[in-house]
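# Descriptive structure summary
Now for the letters of each chain:
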Amino acid sequence: MVTTDRVSAIFADARAVHADALRLLEAGDIRDAAEKAWCATKRATDALILARTGSEPEISSDTSRGLAALATEDQSFRALRRRFHSRQSALHGDCFYLGICEPLDEVERRIRQTADYINDAARLAGYSGAA
């Protein structure tokens, strides 16, 4: 699969996983919704890094390092980097792993606004398939 096809597939996966997060949220499963939103965030970031560097991260630490490198080279990535780490901490660490999903409105906002994160990552990737 060529890189552009792979980028497209990863962004599509990120959107599908986010849709799962929204379904879980509507069903009242905040903890699993938070983890799905985190997974969607990571997938979108992986696609961005692949599009910009030609290398797909394999694990979360690779994703973090790749995004840090992009933010060091270009300040337009800095806000996305902050949002990435905010979701990693609040959704993945606190809510999913520790069960601390408060304040609830903040967690729900981060889950819902993951769509914006995916769109911003696609824009920064130069990906024309952005929603």
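Up top you'll find the structure we're talking about.
Residues numbered from 1 in each chain as written. Predicted model: local features only at pLDDT ≥ 70, side-chain atom pairs only at ≥ 80, totals over all residues. Heavy atoms only, no water.

All right, on to the state of the cysteines then. Throughout the structure, instances matching the rule amount to 1 disulfide. One disulfide bridge connects C95 with C101, the sulfur atoms lying 2.0 Å from each other. What sets the handedness of the C95 and C101 disulfide is the S-S torsion sign, and at about 95° it is right-handed. Since its relative accessible area comes to 0%, C95 is described here as buried. Of all cysteine sulfurs in the structure, the one in C95 sits closest to C39, which takes part in no disulfide; the separation is 13 Å. A relative accessible area of 30% places C39 in the partly exposed class. (Disulfide = S-S within 2.5 Å. Buried < 20%, exposed > 50% of the residue type's maximum accessible area, 1.4 Å probe, protein only.)

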